[in-house]
Amino acid sequence: MQLYNTLTQKKEEFVPHEPGKVRMYTCGPTVYHFAHIGNLRTYIMEDMLEKSLRYLGYDVTRAMNITDVGHLSSDGDTGEDKMLSGAKREHKSVMEIAKFYTDAFFSDCEKLGIQKPEIVVPATGCIDTFIELVSALLDKGFAYLAGGNVYFDTSQLKTYYVFGNMEEEGLAVGVRESVEADGNKRNKSDFVLWFTKSKFDDQELKWESPWGLGYPGWHIECSGISIKYLGEYLDIHCGGIDNAFPHHTNEIAQSESYLGHPWCRYWFHVLHLNDARGKMSKSKGGFLTVSLLEEQGYDPMAYRFFCLQSHYRKPLAFSFENLDNAAAAYKKLVQRIAALKDDGKRDEAGAAPLRGSFRGALANDINTAQALTVLYDVLKADLPDGEKRALLAEFDGVLTLRLMEAAEKEAANAQPSGVDADEAAEIEVLIARRVEARKAKNWAEADAIRDALAARGVTLTDTPEGVKWSKK
Ligand code: AMP
Ligand code: ZN
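These figures come from a predicted structure and were not determined experimentally.

Undergrad: How do you make sense of the domain arrangement of the protein when you look at a structure like this?
TA: Reports of interface size often rely on the accessible area that becomes lost once the parts have come together. Looking at the protein, the domain boundaries give domain 1 (2-270), domain 2 (290-411) and domain 3 (416-471). Its C-alpha centre places domain 1 at a distance of 54 Å from the equivalent point of domain 3.

Here it is in structure tokens:
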């Protein structure tokens, strides 16, 4: 399998530390607000990475943190804790909003077919581990105390900027967001491991530590949780590209100084979802969520399809026009699958090259766009319908577009037989008009349409999936 590695800036052959086993870590959400569809692009593509690895035969253990303390509004260690801002905004406690937005995150993941990692750990549940790491870093001379906080001393490292030119984008963010410099830092790139004196004094959650009552920095959370649950050698670390600097750069600095050897071999970064205003971001506000898309009538699967159409290493431009195109393509694909007969016929030999192309697409740095084209190749192939259905179901086990489920629904809602397409279209228009009339509480018009259809022998049934019709 070939994977692009941000650390070497090359596509490389993937070789895990232990043959056949993959230890994978994902930076989880900061739960002070709903995840936006940009965050979820990253989680969709990481889900594709995990499922591709499993499909290709690896045994994957994956851990993810939930950031519920220590992520300040600036990645440069200034500003307020994002969780505290969220709690103030909603007049609730930090733990209340953490629970609410963690649940909301996993509910969005469910809707988008993103599998929950087998290990999910809130940062507030691992404080002892962070204290142990910070103590060891102090003992080894990689950290210092200043003004009540513990800082990592980046001058102790041979190389701090490990992602090469990748830091530039992040640096720009860091510089823009760090409104005031921290006078305690010995070097500009030093960062906080443990706060007892932050720039704001009303932090809600604090713990006893050898350095006083305080709370961990955001970066130490991911090093601590990853080492505690996945061990000293990590195969793949994932996140959105904005995490490469400073967050992942700092994670590498801490973890390798603590462990005394190289830590994670492959760094998988997903490029951003951008809208007309640039990178979609929680702090800018005005972002889109899965619920908002649903309210506007979109199936969350259409958004997953939209994401899979592009490679994870390219920025993705969001617009409703682009989403509409993806939704239409998804619907058409489902309709084509719904038209396949369930004849149970198989052709293993004929299926093999298509399976090879699908595996090849995934093994080629998770090329999801290429993997989608194999679905169309299956539909066009000279194979019995039963084999096509079996292949599509197998591939969808990885893609998780819920194709077979959607096709079944589509088949159940398909136009009744014995009605020609023109008449069916005309009936659909009348039904849509009746739905509109009912929405506007125009009962007289709604009833008139129902009567007119009844006079033509068309019976309507209202169901949770919409109006169904049949003709005598
Ligand atoms: P956060 O909840 O802010 O900690 O971010 C959760 C994940 O979403 C991280 O991996 C970020 O790098 C990623 N992320 C943030 N904004 C975007 C975006 N516009 N597009 C893609 N991923 C993003
Ligand atoms: Zn992280």
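Undergrad: Please explain the site of ligand 1 as it appears in this structure.
TA: Taken together, 18 residues lie near ligand 1, and Thr-30, Thr-42, Asp-242, Met-280 and Lys-282 sit nearest. A distance of 2.7 Å separates a nitrogen atom of ligand 1 from a polar side-chain atom of Thr-42. One nitrogen or oxygen atom from the main chain of Met-280 is found 2.9 Å from a nitrogen atom belonging to ligand 1. Among the elements of the structure, α1 (37-55) and β10 (234-240) are those that each provide at least two residues to the shell around ligand 1. Considering each element in turn, the shell around ligand 1 owes the most residues, four residues, to α1. Tallied by class, the residues present in the shell around ligand 1 amount to five nonpolar, 10 polar and three charged.

Undergrad: Can you walk me through the sheet that holds strand β11 (residues 264-270) in this structure?
TA: What holds strands together in a sheet is hydrogen bonding between their backbones, with the strands either parallel or antiparallel. Read across the open sheet, the five strands follow the order β5-β4-β3-β10-β11; overall the sheet is parallel. Among the strands making up the open sheet, the edge pair consists of β5 (119-122) and β11. In this sheet, neighbouring strand axes are inclined to one another by 20° on average, regardless of whether the strands run parallel or antiparallel. In the sheet, strand β4 (residues 59-66) pairs with β5 via four bridges, with the strands oriented parallel. Note that in β5 the partner of Ile-66 across the bridge is Pro-122. Here α1 sits on the sheet and contacts β3 (21-26), β4, β10 and β11; the angle it forms with β10, its principal contact strand, is near 155°. Relative to the sheet, helix α6 (residues 218-230) contacts β3, β4, β5 and β10, its axis offset from that of β3 by approximately 155°.

Thresholds applied
- Residues numbered from 1 in each chain as written.
- Chains lettered and ligands numbered in written order.
- Predicted model: local features only at pLDDT ≥ 70, side-chain atom pairs only at ≥ 80, totals over all residues.
- Heavy atoms only, no water.
- Domains from an automatic or database assignment.
- Near = heavy atom within 4 Å.
- Polar contact = N/O pair within 3.5 Å; in protein donor to acceptor, adjacent residues only side chain to side chain.
- Helix = DSSP H or I, 4+ residues; strand = E, 2+ residues; numbered from the N terminus.
- Nonpolar A, V, L, I, M, F, W, Y, C, P; charged D, E, K, R; others polar.
- Pairing = 2+ DSSP bridges.
- Axes fitted to C-alpha atoms, helices over the stretch in contact; angles between N-to-C directions.
- Contact = heavy atoms within 4.5 Å.

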